[in-house]
Amino acid sequence: AQSVTQLGSHVSVSEGALVLLRCNYSSSVPPYLFWYVQYPNQGLQLLLKYTSAATLVKGINGFEAEFKKSETSFHLTKPSAHMSDAAEYFCAVSALLGAQKLVFGQGTRLTINP
Amino acid sequence: ETGVTQSPTHLIKTRGQQVTLRCSSQSGHNTVSWYQQALGQGPQFIFQYYREEENGRGNFPPRFSGLQFPNYSSELNVNALELDDSALYLCASSQPGQGSNEQFFGPGTRLTVL
């Protein structure tokens, strides 16, 4: 069975600082991996996705993530945090075959300090 | 291109009642998935519909049921509501064969059970 673990339910950084949100996955086969962002009282917006092409994936709003098979990780980074980055971030995994369900982590709430 | 829409936005019900939530998929998508997101949690997969047939189900009781219509819109029905059913219900649409299992989410329906 697939699973996702997001280390740190709450991350706080200063504006302009590096953002690092951690995600580790468990899957019997190489999966698809996603990062979604959720602003208050809204649905989920896709930031980026890994689909077995390049291991370094660039997404929207300056975010990127690196797939590391040996570490079963897919950490999300952004070099310089913006106040507008404050939101809940979810890492998700999906199998290549079968039903296209997404298995989500518990989420990480990102707070940006001025 | 029209995105995923959901109705209603908010809903308040009492324990034991029944509720129907609706979702219109993004243009060109024939697959709809439903997720339940309890407060402070990541979304949990309820079930998925592909071409009007259930195509995978999560760990939810039978009182959670669904339908998909010929235009690929979908309904989620919950009978005998319980307090723990209070959550944000997210609908996501996708198109198999796109090579990524990417799902596009609607804004959600906030259900409160009193």
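Here the structure is a predicted model, which means the values were calculated and not measured.

Asker: I'm lost on the interface of chain B and chain A in this one. Help?
Answerer: A common way to express how large an interface is: the accessible area buried when the components associate. Across the contact, 26 residues belong to chain B and 22 residues belong to chain A. Both sides of the chain B and chain A interface together cover about 1800 Å² of buried area, and 48% of this is carbon and sulfur. Here chain B is connected to chain A by one salt bridge. With a closest N to O distance of 2.5 Å, E102 of chain B and K49 of chain A form a salt bridge.

Asker: Hey, could you run me through the pattern of salt bridges in this one?
Answerer: Side chains that differ in charge, positive against negative, can pair when their charged atoms come close. One pass over the structure, following the stated rule, counts eight salt bridges over all chains. The residue K58 of chain A makes a salt bridge to E64 of chain A at a minimum N-O spacing of 2.7 Å. Owing to a relative accessible area of 62%, K58 of chain A belongs among the exposed residues under this scheme. Accessibility expressed as a relative area gives 22% for E64 of chain A, which makes it partly exposed. One salt bridge in this structure joins R22 of chain B and E75 of chain B, with 3.5 Å as the shortest N-O distance.

Asker: Can you help me understand the sheet that holds strand β6 (residues 56-58) of chain A in this one?
Answerer: Residues and elements named next belong to chain A. Across the sheet, five strands lie side by side as β1-β3-β8-β7-β6; this open sheet has antiparallel pairing. Only two strands of the sheet have a single partner each, and these edge strands are β1 (3-7) and β6. For this sheet, the mean angle separating the axes of adjacent strands, direction not counted, is 20 degrees.

Asker: I'm lost on unusual backbone geometry in this one. Help?
Answerer: The residue after S7 of chain B, namely P8 of chain B, is reached through a cis peptide bond having omega -10 degrees. Following the sequence through the fold, P8 of chain B ends up in the loop between β1 (5-7) and β2 (10-13). Although it is not a glycine, N41 of chain A adopts a positive phi angle of roughly 60 degrees. Following the sequence through the fold, N41 of chain A ends up in the loop between β4 (32-38) and β5 (44-50). N41 of chain A gets classed as exposed once you look at its relative accessible area, which sits at 73%. The phi dihedral of R51 of chain B falls on the positive side, at around 50 degrees, and the residue is not glycine.

Asker: Could you clarify how one ought to interpret the state of the cysteines in this entry?
Answerer: Two cysteines, two sulfur atoms, one covalent bond between them: this is a disulfide. Residues and elements named next belong to chain A. Applying the stated criterion to the full structure yields two disulfides over all chains. Here C23 engages in a disulfide with C91; their sulfurs sit 2.0 Å apart. Where C23 bonds to C91 through sulfur, the torsion about that S-S bond is close to -60 degrees, and the disulfide is left-handed. Residue C23 is located in strand β3 (residues 19-26), and its partner C91 is located in strand β9 (residues 87-94); the two are separated by 68 residues in the primary sequence. Here C23 falls in the buried class, since its relative accessible area comes to 0%.

Asker: What should I look at first to understand the pairing of strand β7 (residues 64-68) of chain A in this one?
Answerer: Consecutive residues of a regular strand have side chains that alternate between opposite faces of the sheet. All names here are of chain A. Only one face of β7 is covered, namely the face carrying A65 and F67; the face carrying E64, E66 and K68 is uncovered. Relative to β7, β6 is paired through three bridges, and the arrangement is antiparallel. The residue bridging K58 from the neighbouring strand is E64, located in β7. Connecting the antiparallel pair β6 and β7 is a turn made up of five residues, with N61 showing a positive phi of about 60 degrees. Pairing geometry for β7 and strand β8 (residues 73-78), over five bridges, is antiparallel. Its bridge partner lying in β8, E66 is registered against H75.

Asker: Help me understand the nonpolar core in this model?
Answerer: The nonpolar side chains of soluble globular proteins are, as a tendency, buried together. By size, the foremost hydrophobic cluster in this structure holds 27 residues, and its most contacted members are W35, L48, F74, L76 and Y89 of chain A. Of all the elements in the fold, those that place two or more residues in this core are β2 (10-14), β3, β4, β5, β7, β8, β9 and β11 (108-113) of chain A. V32, F64, L111 and V113 of chain B belong to the second largest nonpolar core, which has 20 residues in total.

Asker: Before we go on, may I ask you to explain the packing of aromatic side chains in this structure?
Answerer: Two aromatic rings are characterised by how far apart their centres lie and by the angle between their planes. All names here are of chain B. As enumerated under the stated definition, the model contains 14 aromatic pairs over all chains in all. Where Y35 meets F45, the ring centres are 5.7 Å apart and the plane angle is 65 degrees; that geometry is what we call edge-to-face. Residue Y35 is found in strand β4 (residues 31-37), and its partner F45 is found in strand β5 (residues 44-50); the two are separated by 10 residues along the sequence. As far as the burial class goes, Y35 and F45 line up, both buried.

Definitions and cut-offs
- Residues numbered from 1 in each chain as written.
- Chains lettered and ligands numbered in written order.
- Predicted model: local features only at pLDDT ≥ 70, side-chain atom pairs only at ≥ 80, totals over all residues.
- Heavy atoms only, no water.
- Contact = heavy atoms within 4.5 Å.
- Buried area = accessible area lost by both parts, 1.4 Å probe.
- Salt bridge = Lys/Arg side-chain N within 4 Å of Asp/Glu carboxyl O.
- Buried < 20%, exposed > 50% of the residue type's maximum accessible area, 1.4 Å probe, protein only.
- Pairing = 2+ DSSP bridges.
- Helix = DSSP H or I, 4+ residues; strand = E, 2+ residues; numbered from the N terminus.
- Axes fitted to C-alpha atoms, helices over the stretch in contact; angles between N-to-C directions.
- Disulfide = S-S within 2.5 Å.
- Core = buried A, V, L, I, M, F, W, Y, C linked by side-chain atoms within 4.5 Å.
- Phe/Tyr/Trp six-rings, centres within 6.5 Å; stacked < 30°, edge-to-face > 60°.

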